[in-house]
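Coordinates in review
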Amino acid sequence: MVTKLQRRQRIKTRIRGKISGSAARPRMTVFRSNKQIYVQFVDDTTGHTLASASSKGMTGGTKCEISEKVGELAAKKAMEAGITTVVFDRNGYLFHGRVKSVADGARKAGLKF
């Protein structure tokens, strides 16, 4: 019997085999917990996080609305760090709901992927 976490780890490994971030085009990875959502921009060649954003401290609205705000905030921080194009890493989650809201918010704020 495969647990949910094991299934996500398998999907995540398969995705990470195909994509990787560089300094010019970092990987935008999303982590989703039950209450919060986190976004990081990672340069895989050096293993450094270039920028990050999270929903901690944000209130008002549904989880999807907050996720869209996090996407916009992440894109703003990325632009300040000189990042305009990224590779999107859904981290084994389905591209649906909060993960999709983060991507839509980042695109709306001007990030290209």
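Scroll up a little and you will see the structure.
Below: a short report on this structure. Everything numeric here is computed off the predicted structure, so don't read it as measured data.

Right, let's talk about the pattern of salt bridges for a bit. Overall, the coordinates contain 7 salt bridges when judged by the stated rule. Between Arg27 and Asp44 there is a salt bridge, with its nearest N and O atoms 2.9 Å apart. Here the residue Arg27 occupies a position in strand E1 (residues 27-32), and Asp44 occupies one in the loop between strand E2 (37-43) and strand E3 (48-54), the gap between them amounting to 17 residues. The exposure class assigned to Asp44 is partly exposed, which follows from its relative accessible area of 25%. Linking Glu72 and Lys108 is a salt bridge whose minimum nitrogen-to-oxygen distance equals 3.3 Å. Of this pair, Glu72 sits in helix H2 (residues 63-80) while Lys108 sits in helix H3 (residues 98-108), and the two are 36 residues apart along the sequence.

Let's shift gears to the sheet that holds E2. Working definition: the strands of a sheet are paired by backbone hydrogen bonds and lie parallel or antiparallel to each other. Taken in spatial order, the 4 strands of this open sheet run E3-E2-E1-E4, and their pairing is mixed. Of all strands in the sheet, those bounded by a partner on one side alone are E3 and strand E4 (87-89). Ignoring strand direction, the axes of neighbouring strands in this sheet form an average angle of 20°. Bridge count between E2 and E3: 6 bridges; the pairing is antiparallel. Bridging across to E3, Asp43 finds its partner in His48.

Counted as a void, the largest pocket has a volume near 310 Å³. What lines the largest pocket is Lys4, Leu5, Arg7, Arg8, Arg32, Gly92, Tyr93, Leu94, His96, Arg98 and Val99. Elements represented by at least two residues in the lining of the largest pocket include exactly helix H1 (4-18) and H3. Per-element tally for the lining of the largest pocket: the top contributor is H1, with 4 residues. Grouping the amino acids of the lining of the largest pocket by side-chain chemistry returns 4 nonpolar, 2 polar and 5 charged.

One can describe the packing of H2 onto H3 by two numbers: an axis separation of 7 Å at closest approach and a directional angle of 40°. Taken as axis vectors, H2 and H3 run oblique relative to one another. The element H2 and its partner H3 pack so that their crossing is right-handed. For the pair H2 and H3, the contacting residues are Lys63, Cys64, Ser67, Glu68, Gly71, Glu72 and Ala75 in the first and Arg98, Ser101, Val102, Gly105, Ala106 and Lys108 in the second. When the residues that make up the contact of H2 with H3 are grouped by side-chain class, the tally is 4 nonpolar, 4 polar and 5 charged.

Cut-offs and rules
Residues numbered from 1 in each chain as written. Predicted model: local features only at pLDDT ≥ 70, side-chain atom pairs only at ≥ 80, totals over all residues. Heavy atoms only, no water. Salt bridge = Lys/Arg side-chain N within 4 Å of Asp/Glu carboxyl O. Helix = DSSP H or I, 4+ residues; strand = E, 2+ residues; numbered from the N terminus. Buried < 20%, exposed > 50% of the residue type's maximum accessible area, 1.4 Å probe, protein only. Pairing = 2+ DSSP bridges. Axes fitted to C-alpha atoms, helices over the stretch in contact; angles between N-to-C directions. 1 Å grid on protein atoms, 1.4 Å probe; cavity = no way out; pocket = protein on both sides within 12 Å on 5 of 7 lines; lining within 4 Å. Points joined across faces, edges and corners; volume = space filled by probe spheres on them. Nonpolar A, V, L, I, M, F, W, Y, C, P; charged D, E, K, R; others polar. Parallel < 35°, antiparallel > 145°, perpendicular 65-115°, else oblique. Left-handed = near helix turned anticlockwise from the far one by under 90°. Contact = heavy atoms within 4.5 Å.

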